[in-house]
Structures are given as structure tokens and as C-alpha cells.
Amino acid sequence: AGYVIVSRAIAHADDEEADEDPKAIRSEMLMGLNVIRSVEGDPDRCVLINLNHLRSPMIPMMFAKKLGLGAAVNFINDIRALC
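Along each chain, residues carry numbers from 1 onward, in the same order as the chain's sequence is written. Note on the predicted model: pLDDT of at least 70 is required for a residue's local features to be given, and 80 or more for side-chain atom pairs to be given and counted; whole-chain, interface and lining totals, by contrast, use all residues. Excluded from the side-chain calculations are hydrogens and water; all other atoms, namely the structure's heavy atoms, are used.

A. Highlighting a nonpolar patch on the surface. Two joining distances apply to patches: 9 Å for like charges and 5 Å for nonpolar side chains (Val, Leu, Ile, Met, Phe, Trp, Tyr), and every residue must have over 30% relative accessible area and no salt bridge. Using the Shrake-Rupley algorithm and a 1.4 Å probe, accessible areas are obtained, with residue cover drawn only from the displayed protein chains. The salt bridge definition used is simple: a Lys or Arg side-chain nitrogen within 4 Å of an Asp or Glu carboxyl oxygen. A surface patch of nonpolar side chains, amounting to about 370 Å² of accessible area, comprises Val4, Val6, Leu30 and Met31. Each helix is a run of DSSP H or I of at least 4 residues and each strand a run of E of at least 2, with the numbering of both proceeding from the N terminus. Secondary structure elements with two or more residues in the nonpolar patch: β1 (2-8) and β2 (28-39).

Now the structure itself:
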């Protein structure tokens, strides 16, 4: 048993302020997927799979891969800290 959560981002018309800030790097989450499955035999545990498709046109691919990995690790650590 488990859950699947699919999300997508939309741009709001009032986001124009961020476009005008020269210090802001505009990135966009195109789509996200979360799969939460229970662990058989252990009702207090679950398996969490998180997949996001991001677009960051101003960041070189070499840095984007490193930042993405760090963000994924931080996401899992934040979830663990809640337990």
C-alpha cells in the first residue's frame, strides 16, 4: 500500500518583482513526483521516493548537478529530523 503525489508548478503574474531583481536567479520546478510506500512488517516505517524536474537556465550543468545532489540530501535529512 502507498501513495503517489504528482505536482507541477505554475507561474503567477505577480512574480514580476523577482524578474527585476538582478541578484535573483530564476529557477523553475517543472514537475515533481513523490512515492510513499509502507514497509512490509514494520508499520512505523515507509519508503519515500522523491523525483523533481527542475529548470535552472543560469546555472552551468556542472554546478547544477552538485547543487541538486546536496539539495536531495538536505531534503531527506529535514524529513528525518521531523521524526
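B. Seen up close, the confidence of the model for the protein chain. pLDDT measures the predictor's confidence residue by residue and takes values from 0 up to 100. Looking at the protein chain as a whole, the pLDDT averages 79, with 82% of positions reaching at least 70. Highest mean pLDDT in the protein chain belongs to β1 (89); lowest belongs to helix α1 (residues 16-20) (61).

C. Quick peek at the pairing of strand β3 (residues 42-55). Note that β2 and β3 share 11 bridges and pair antiparallel. Bridge pairing in β3 links Ile36 to Leu48. If you look at the hairpin formed by β2 and β3, you'll find two residues sitting between the two strands, and Gly41 has a positive phi there, around 85 degrees. The pairing criterion for strands is at least two bridges between them, as found by DSSP.

D. Examining the pairing of β2 more closely. In this structure, β1 lies alongside β2, joined through seven bridges in antiparallel fashion. Across the sheet, Ser7 pairs through a bridge with Gly32, a residue of β2.

E. Structural context of the sheet that holds β1. As summarised here, the arrangement of the three strands in space is β1-β2-β3, forming an open sheet in which the pairing is antiparallel. For this open sheet the edge positions go to β1 and β3, each flanked by a neighbour on one side alone. When strand polarity is set aside, the average angle formed by the axes of neighbouring strands in this sheet is 10 degrees. Each axis is a line fitted through C-alpha atoms, taken for helices only over the stretch in contact, and angles between the N-to-C directions span 0 to 180 degrees.

F. Region of interest: the layout of surface pockets. A cavity, in this analysis, means grid points on a 1 Å lattice covering only the protein atoms where a 1.4 Å probe fits yet has no way out; a pocket is instead an open set bounded by protein on both sides within 12 Å along at least five of seven lines, and a residue lines either one if it has an atom within 4 Å of a point. Grid points are joined across faces, edges and corners, and a volume is the space filled by probe spheres set on the points. Considering only enclosed or pocket space, the largest pocket measures out at about 550 Å³ in volume. Lining the largest pocket we find 17 residues, and of these Leu54, Ala64, Leu67, Gly68 and Ala71 sit closest to its centre. Counting only elements with at least two residues in the lining of the largest pocket, the list comes to β3 and α2 (61-82). Here the element with the most residues in the lining of the largest pocket is α2; it accounts for nine residues.

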